[in-house]
Amino acid sequence: MKTFQLCSGALMSAVICIMTMVIQIPIPLGYAHLGDAFILLTVAFLGRREGIWASALGSSLADLLTGYTQWVLPTFFIKAIIALIAGLLMFDKDGNFRLFSLRNAAACLLSMAWMVAGYVAFGSLLYGSVAAGLASAPGLTIKAVLNIGVYFVAASLLEKAHVRQLIEAKS
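Sequence order sets the numbering: in each chain, residues are counted from 1 along the sequence as written. Per-residue local features are limited, in this predicted model, to residues with pLDDT of at least 70; the limit for side-chain atom pairs, both in listing and counting, is 80 or more; totals at the level of whole chains, interfaces and linings are taken over all residues. Think of the side-chain values as coming from all heavy atoms in the structure, minus any hydrogens and water.

1. As for the environment of Leu46
Here is step 1 of the chain: Segments assigned H or I by DSSP are reported as helices when at least four residues long, segments assigned E as strands when at least two residues long, and all are numbered from the N terminus. Turning to its location among the elements, Leu46 is positioned in helix H2 (residues 35-46).
Here is step 2 of the chain: In this structure, the C-alpha to C-alpha distance between Leu46 and Ile167, residues 121 residues apart in sequence, is 7.6 Å.
Here is step 3 of the chain: With sequence-adjacent residues up to four places away left out, Leu46 is seen in contact with Ser8, Gly9, Met12, Leu41 and Ile167. Residue contacts are defined here by distance: any two heavy atoms, one from each residue, within 4.5 Å place the two residues in contact.

Structure, rendered in structure tokens:
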């Protein structure tokens, strides 16, 4: 891994952690936040490998620092798989990325659907009740839609600023 990629991944891990911690809206079994939008941004602009590590570490660290310690390990795996799904779907076979494409929309929808399903499943296990896990589904779904919207707005601004070309030139 090149130094630029390592530093960029570490920086995005911190950004994901901060965006997860700064705005927290309580929902059953946890909280809603904007960290998932930055997971999608990390994958789109830095790639799947950096996205997986940044999302898993940044999100888990946020749970640790905000007192949701029971969620640290589930979050690590759920967020890593979000980035994996997004990374597998966002780019075509040649590694090309188009922000406003069916491929990118599918990547966002499927990765956020996994997030909802993952937290509902782990919530059911952690609290010993499927009803408890399902209680978080509406809040998680709203959070997913909000994060997808924030991702597209932020990504379009970064695209206009030619951030992708700057990153590709550095790596």
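2. Describing the pattern of salt bridges
Here is step 1 of the chain: The rule for a salt bridge is simple: a side-chain nitrogen of Lys or Arg has to be within 4 Å of a carboxyl oxygen of Asp or Glu. All told, the structure shown has four salt bridges when counted by the stated rule.
Here is step 2 of the chain: Two residues, Asp36 and Lys79, come together in a salt bridge whose shortest N-O distance is 2.4 Å. In this pair, Asp36 is assigned in helix H2 and Lys79 in helix H4 (residues 72-90), connecting sequence segments 43 residues apart. Just as Asp36 is buried, Lys79 falls in that class too.
Here is step 3 of the chain: Here the salt bridges do not stand alone but share partners, grouping Asp36, Lys79 and Lys143 into one network. For every residue, the accessible area (1.4 Å probe, protein chains only) is compared with the maximum for its type, and the residue is labelled buried under 20%, exposed over 50%, or partly exposed between those bounds.

3. Some thoughts on the environment of Leu61
Here is step 1 of the chain: With respect to the secondary-structure elements, Leu61 resides in helix H3 (residues 48-65).
Here is step 2 of the chain: In this structure, the C-alpha to C-alpha distance between Leu61 and Thr75, residues 14 residues apart in sequence, is 9.4 Å.

4. A short note on the packing of H2 against helix H8 (residues 163-170)
Here is step 1 of the chain: Running from N to C, H2 and H8 point in directions that differ by 55 degrees, and their axes come no closer than 9 Å. On the basis of their axis angle, the class for H2 and H8 is oblique. Along its contact with H2, which presents Ala44, Phe45 and Leu46, the element H8 presents Val163, Arg164 and Ile167.
Here is step 2 of the chain: Grouping the constituent residues of the contact of H2 with H8 by class yields five nonpolar, no polar and one charged. Simply put, an axis is a line fit to the C-alpha atoms, just over the touching stretch for a helix, and the angle between two N-to-C directions goes from 0 to 180 degrees. Here roughly perpendicular refers to angles of 65 to 115 degrees, roughly parallel to angles under 35, roughly antiparallel to angles over 145, and oblique to all remaining angles. When residue character is reported, Ala, Val, Leu, Ile, Met, Phe, Trp, Tyr, Cys and Pro are called nonpolar, Asp, Glu, Lys and Arg charged, and the others, Gly included, polar.

5. Focus: empty space enclosed by the protein
Here is step 1 of the chain: Lining residues are defined by having an atom within 4 Å of a point belonging to a cavity or pocket. Those points lie on a 1 Å grid over the protein atoms alone, cavities being sets where a 1.4 Å probe fits but cannot get out and pockets being open sets with protein on both sides within 12 Å along at least five of seven lines. Grid points are joined across faces, edges and corners, and a volume is the space filled by probe spheres set on the points. Summed over all chains, the structure comprises one cavity of 30 Å³ or more.
Here is step 2 of the chain: Considering only enclosed or pocket space, the largest cavity measures out at about 190 Å³ in volume.
Here is step 3 of the chain: Forming the boundary of the largest cavity are 17 residues, of which Leu29, Gly30, Tyr31, Tyr119 and Leu140 lie nearest the centre.
Here is step 4 of the chain: Counting residues per element, the ones that place at least two in the lining of the largest cavity are strand S2 (30-32), H3, H4 and helix H7 (137-160).
Here is step 5 of the chain: Of the residues that constitute the lining of the largest cavity, the class distribution is eight nonpolar, six polar and three charged.

6. Quick notes on the environment of Ala86
Here is step 1 of the chain: Residue position: Ala86 is located in helix H4.
Here is step 2 of the chain: Each C-alpha atom, one on Ala86 and one on Ala113, is 11 Å from the other, the two residues being 27 residues apart in sequence.
Here is step 3 of the chain: If we skip the residues at most four places from it in the chain, Ala86 touches Leu40, Val43, Ala107 and Ser111.

7. Quick word on the side chain of His33
Here is step 1 of the chain: One can find His33 in the loop between S2 and H2.
Here is step 2 of the chain: At a separation of 3.0 Å, a polar atom in the side chain of His33 contacts the main-chain amide nitrogen of Gly35.
Here is step 3 of the chain: By the criterion applied in these results, polar contacts are pairs of N or O atoms within 3.5 Å in which, for protein atoms, one can donate a hydrogen and the other can accept it, and in which residues neighboring in sequence qualify only through two side-chain atoms. A distance of 3.2 Å separates the side chain of His33 from the side chain of Lys143, its partner in a polar contact.
Here is step 4 of the chain: In contact with His33, other than residues within four places in its own chain, are Met19, Thr20, Ile23, Lys79, Lys143 and Asn147.

8. What to know about unusual backbone geometry
Here is step 1 of the chain: Positioned with a positive phi, Leu29 is a non-glycine residue whose angle comes to about 75 degrees.
Here is step 2 of the chain: With respect to the secondary-structure elements, Leu29 resides in the loop between strand S1 (25-27) and S2.
Here is step 3 of the chain: Here the phi dihedral of His162 falls at roughly 60 degrees; this positive angle occurs in a residue that is not glycine.
Here is step 4 of the chain: We classify His162 as partly exposed; its relative accessible area is 47%.

9. Describing the nonpolar core
Here is step 1 of the chain: Of all hydrophobic cores here, the largest spans 42 residues; its most connected members are Met90, Met115 and Tyr151.
Here is step 2 of the chain: Elements that contribute at least two residues to this core include exactly helix H1 (3-22), H2, H3, H4, helix H5 (102-127) and H7.
Here is step 3 of the chain: Examining the composition of this core, we find that nine residues originate from one element, H2, more than from any other.
Here is step 4 of the chain: The contacts of Met115, once residues within four sequence positions are left out, are Asp36, Ile78, Lys79, Ile82, Leu140, Lys143 and Ala144. We call a set of buried residues a nonpolar core when its members are Ala, Val, Leu, Ile, Met, Phe, Trp, Tyr or Cys and they connect through side-chain atoms within 4.5 Å of each other.

Read these as spatial facts, not as claims about activity.
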